[in-house]
Structure formats: C-alpha cells, structure tokens
Amino acid sequence: MSDRLLLIFMLMLVTRGVIVVTHGHAELATPRHGGLGDNSDSFHNDSSDHQVEIATQRSSPAIASFGNTETGERRRRYSVEDSSSSSPVRLAVAMKALELENKQLKFTLKELQATTEKFATKWQESNFAISQLTAVNQQQQLAIGQLQLQVSQLSTNTMKLQDENEALHTQVRSLQEKADSALEEGLTSQVIQLQQKDQELMQTIINRTHVDKVGFHARLSISIDAKTTGTLVLDSVEFNFGDGYNKTTGIFTAPVGGVYLFLVNIAANSAGESVWIKIVLGQNELCKTYSRYSTEIEMASCHAATSLIKGNQVRVVMVGSASYKIRGDFWTTFTGVLIKS
C-alpha cells in the first residue's frame, strides 16, 4: 500500500518532469530550455535547483522496494540510460509507460475506494451489530436483574413458608400429643368398661350355668356282687353340673324342673353270670334291661326321658340274685342330663 502511494506521489511529479529510474535510483529529468527540435535538446540530470532526488535505495527503502517490483522492471526498461543520449522516441516510450502506470494506479485507486467503501459498510454493519448486541446485553442485564429480584422474593417467601411450616409442625405435634393423651384416656376408660362388662357377663354365664346346665356322668369303679335288690351306687363321677348326683347314695335329685334324659349301660362280670337293672323315678320304673355273659361280654343299655320337678329323685336299681355280678370299670355307667328347663 505504501509503495502505491509513493508511486502516486511520483506521478504528481511527472507534471513537472520525467521520472528516470537508473540502476535502482529514481531521478527527475527535466528538458533543457531549448525546444525539442533543437539538436542540443535532450533530457539531462539537472544538477542545479531543477534536480530533485526522489528516492534512493539507501535513503528510501520503500521506493527501492518499489523499484524491485514488476512495474519497476518495466520502468527501468523504458528509462533513459543517459541524460546526454536521450531522444524523443525514448521520451515517448517513457510517457506511454507512465500513462499505462497511471491507468493502473487509477484502477488500483478505484479498487481502494471500493474496498474503503466496503470497509466502511462493514464498519457500519459492525457498529449496528454491536449496538444490537449492546441492546440485547442491556435487555439481558435487565432480565437478570428481574430474575435476581424474583429469586430474592422467592427466598423470602421460602423462609416465610419454612417458618409457617415449622409453626404448623409444632401445632400438629401439640394436637397429636393431646389426641394421643385423650385417646389413651378414652381407651383406658373403654377397656375398664369392657372389663367390667366382661366380668358381669362371666358372672351371668356362671349364674346361668348353675341354673340351666345340669348333668352328670358316673361309673362303677369295681365289679360287685348283686345278690340283693337295691340302689346301684356308681361311685366314680366324671362330671356333676348342678351337683344333682350323690356318689355316696347313688341318687340323682333334680336341682331344677325340666325335661331330663337318663341312660344306663351295664355288663355281667363273667361267664355264666347275668344281671338285671332298672331306672326308677321315686317308685315308678322308667326302663329296665338284662345282660348275660355266655361266651363273651354282652352289653345292655336302658334309657328314658322324663319330666321332673325340682326335688324329684332318680336312681338305678339292681335286681338281686345269687348268680348276679356286675362288671365294673367303664362297662357300667349312669348318665343324666337336663334337656330343657
């Protein structure tokens, strides 16, 4: 760029004379005061005030560099080798070279102007983009400020909510403690009431058992002789609800009135023996049975259902005989139970 500017500057000097490039030196050659038709007219290096040294390789590196370019080579080809031997032909060739160089410089100048305009346009576009980015940045800064404000408000609200939450937790714990205490007291009271009701119910069951649950089961513990007629006493009692059976006398006394069922099982003791028994209410026979041992034990049973009033007595009577013997243990039993009071 600097070489082209120097070249433009030298073209301006052409208006006063001709630039002569000789062996890397640029000099201003001026015509003599005579006309071109004069044989003595020639371009010479004016050593007086007309001589202007444009550039040397030593004093102006830019012009020296310019002289080394392709344009400098063309100028050297068309330069005047010696001012004393210059001619109109050489001058015309030099002028043509300068005109061509001038055209090239004008084209380069136009390119520079176009480049400058493009650069100015790019500069304006850059400035516009920068202004837009600045505006966007300002908007972003504003948005960031608003977000920071919102975050601050959210933080404040969060702290308030945490405080309210803690207060609610405290209230809930207090209410829970009160509820637990009240529930425990209520449950304790209910448990006590249920225990009282349970005791009352158990007492009621016990009382009803004494009244309604009447029954007994007795057996003959050992084998006995039945030589005489009389009450068969079954001395081993398995159960005796209502305490109606007397294992000493063998008599059942009804503790309450109602319908009763009585059952007797009996077996003769050994081979060739037999036995007669009957169930008697007072003096009335309810049922009777007979068992005889021939080759093996033969069981006999007798059962009767009857209505009794409180105080009635029921017993098993054996019919005596010298050959009668009753087998004991679980073979001979007497059972009575209240069916309906």
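The following paragraphs examine the structure supplied in this document.

Regarding unusual backbone geometry
- At aspartate 243, a position not held by glycine, the phi torsion is positive, near 55 degrees.
- With respect to the secondary-structure elements, aspartate 243 resides in the loop between strand S8 (236–241) and strand S9 (245–246).
- Of note in the backbone geometry, aspartate 329 takes a positive phi value of approximately 65 degrees without being a glycine.
- Judged by relative accessible area, aspartate 329 falls into the partly exposed class, the value being 36%.

Structural notes on a positive patch on the surface
- Where like charges cluster on the molecular surface, the positive patch consists of Lys96, Lys103, Lys106 and Lys110.
- Here lysine 96 is to be found in helix H4 (residues 88–212).

Remarks on the state of the cysteines
- All told, the structure shown has one disulfide when counted by the stated rule.
- At a sulfur-sulfur separation of 1.7 Å, the disulfide partner of cysteine 287 is cysteine 302. Residue cysteine 287 is located in strand S13 (residues 284–292), and its partner cysteine 302 is located in strand S14 (residues 299–308); the two are separated by 15 residues in the primary sequence.
- On the basis of relative accessible area, cysteine 287 is assigned to the buried category, the value being 13%.
- The buried category is assigned to cysteine 302, whose relative accessible area is 3%.

A closer look at the sheet that holds strand S11 (residues 258–267)
- Read across the open sheet, the five strands follow the order S8-S5-S17-S11-S14; overall the sheet is antiparallel. Either end of the sheet is taken by a strand with one partner, and the two such strands are S8 and S14. Put simply, the sheet's adjacent strands are angled 10 degrees from each other on average, direction ignored.
- By the bridge criterion, five bridges tie strand S5 (residues 215–220) to S8 in an arrangement that is antiparallel. When the bridges of S8 are listed, histidine 217 appears paired with phenylalanine 239.

Observations regarding the nonpolar core
- By size, the foremost hydrophobic cluster in this structure holds 31 residues, and its most contacted members are Phe252, Tyr260, Phe262, Ile277, Leu308, Ile326 and Phe334.
- For this core, the secondary-structure elements that each account for two or more residues are S5, S11, strand S12 (274–281), S14, strand S15 (313–319) and strand S17 (329–340).

Overview of a negative patch on the surface
- On the surface, Glu177, Asp180, Glu184 and Glu185 cluster together into a negatively charged patch.
- Within the fold, glutamate 177 resides in helix H4.
- When its relative accessible area of 56% is taken as the criterion, glutamate 177 is described as exposed.

Focus: the pairing of S11
- Sheet topology note: the S11/S14 ladder contains ten bridges and is antiparallel. Its bridge partner lying in S14, phenylalanine 262 is registered against alanine 304.
- Bridge analysis of S11 against S17 gives seven bridges, and the strand direction is antiparallel. Each residue of the ladder has a partner; that of valine 259, found in S17, is lysine 340.

Thoughts on the packing of aromatic side chains
- Enumeration over the complete set of coordinates arrives at eleven aromatic pairs.
- Ring plane angle 5 degrees and centroid distance 4.8 Å describe the contact between phenylalanine 216 and tyrosine 245, whose orientation is recorded as stacked. Placement of the pair is phenylalanine 216 in strand S5 and tyrosine 245 in strand S9, with a sequence separation of 29 residues.
- Overall, the relative accessible area of 1% leaves phenylalanine 216 in the buried class.
- Of the residues examined, tyrosine 245 reaches a relative accessible area of 5% and is grouped as buried.
- Its end group placed over the ring of phenylalanine 241, lysine 213 keeps NZ or CZ at 4.2 Å from the ring centre.

Rules and cut-offs
Residues numbered from 1 in each chain as written. Predicted model: local features only at pLDDT ≥ 70, side-chain atom pairs only at ≥ 80, totals over all residues. Heavy atoms only, no water. Helix = DSSP H or I, 4+ residues; strand = E, 2+ residues; numbered from the N terminus. Buried < 20%, exposed > 50% of the residue type's maximum accessible area, 1.4 Å probe, protein only. Patch = residues over 30% accessible without salt bridge, like charges linked within 9 Å, V, L, I, M, F, W, Y side chains within 5 Å. Areas by Shrake-Rupley, 256 points an atom, 1.4 Å probe, with all protein chains shown as cover. Salt bridge = Lys/Arg side-chain N within 4 Å of Asp/Glu carboxyl O. Lys, Arg positive; Asp, Glu negative; His and termini not counted. Charge placed at Lys NZ, Arg CZ, Asp CG, Glu CD. Disulfide = S-S within 2.5 Å. Pairing = 2+ DSSP bridges. Axes fitted to C-alpha atoms, helices over the stretch in contact; angles between N-to-C directions. Core = buried A, V, L, I, M, F, W, Y, C linked by side-chain atoms within 4.5 Å. Phe/Tyr/Trp six-rings, centres within 6.5 Å; stacked < 30°, edge-to-face > 60°. Lys NZ or Arg CZ within 6 Å of the ring centre and 35° of its normal.

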